[in-house]
Amino acid sequence: MRHGTELARALRYCHHEAFPGYRVLHRDIKPSNIGFLADGRLVLFDFGLAALWPAESDGSYDDAPRRLTGETGSLRYMAPEVALSHP
């Protein structure tokens, strides 16, 4: 459970804190892109497929579907709608 919480915190950081005014969408979450530091803390890496979503002028984020390329990442870990190139 601890690792799941740490991963959720890392993703929250990407979505809300990493780049003020933007939300980072990782797009390739899978076991080989998650690691551990010597002290046991979880780290998320390989942002090669990441996309940035700009914030609205009031700092909020809309949840409108984005036109992102489908079939991105590893098929085994891909959401079905992404594998089928659906929004």
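Owing to the predicted nature of the structure, the values given are computational and were not obtained by experimental measurement.

### Re the overall build of the chain
Then, number 1: Helix and strand content of the chain: two helices and four strands.
Then, number 2: When its helices and strands are written in sequence order, the chain yields α-β-β-β-β-α.
Then, number 3: Out of the 87 residues in the chain, the part that is buried amounts to 21%.
Then, number 4: For the chain, the proportion of contacts with a sequence separation of at least 24, taken over those separated by at least 6, is 48%.
Then, number 5: For the chain, the exposed area adds up to about 6,400 Å²; of that, 58% sits on carbon and sulfur atoms.

### Remarks on the pattern of salt bridges
Then, number 1: According to the stated counting rule, one finds four salt bridges in the structure shown.
Then, number 2: Taking the shortest distance from any N to any O, the salt bridge between Glu6 and Arg2 comes out at 3.1 Å. Within this pair, Glu6 and its partner Arg2 are both found in helix H1 (residues 2-16), separated by four residues, close to a single helical turn.
Then, number 3: On the basis of relative accessible area, Glu6 is assigned to the buried category, the value being 18%.
Then, number 4: For Arg12, the salt bridge goes to Glu17, with nearest N and O atoms at 2.9 Å.

### Here's the deal with the nonpolar core
Then, number 1: Leu7, Ala10, Cys14, Val24, Leu42 and Leu44 together form the largest nonpolar core, which totals six residues.
Then, number 2: For this core, the secondary structure elements donating two or more residues are H1 and strand S3 (42-44).
Then, number 3: Considering each element in turn, this core owes the most residues, three residues, to H1.
Then, number 4: Setting aside residues no more than four positions away along its own chain, Leu44 makes contact with Leu7, Ala10, Leu11, Cys14, His26, Ile29, Asn33 and Ile34.

About the cut-offs
Residues numbered from 1 in each chain as written. Predicted model: local features only at pLDDT ≥ 70, side-chain atom pairs only at ≥ 80, totals over all residues. Heavy atoms only, no water. Helix = DSSP H or I, 4+ residues; strand = E, 2+ residues; numbered from the N terminus. Buried < 20%, exposed > 50% of the residue type's maximum accessible area, 1.4 Å probe, protein only. Contact = heavy atoms within 4.5 Å. Areas by Shrake-Rupley, 256 points an atom, 1.4 Å probe, with all protein chains shown as cover. Salt bridge = Lys/Arg side-chain N within 4 Å of Asp/Glu carboxyl O. Core = buried A, V, L, I, M, F, W, Y, C linked by side-chain atoms within 4.5 Å.

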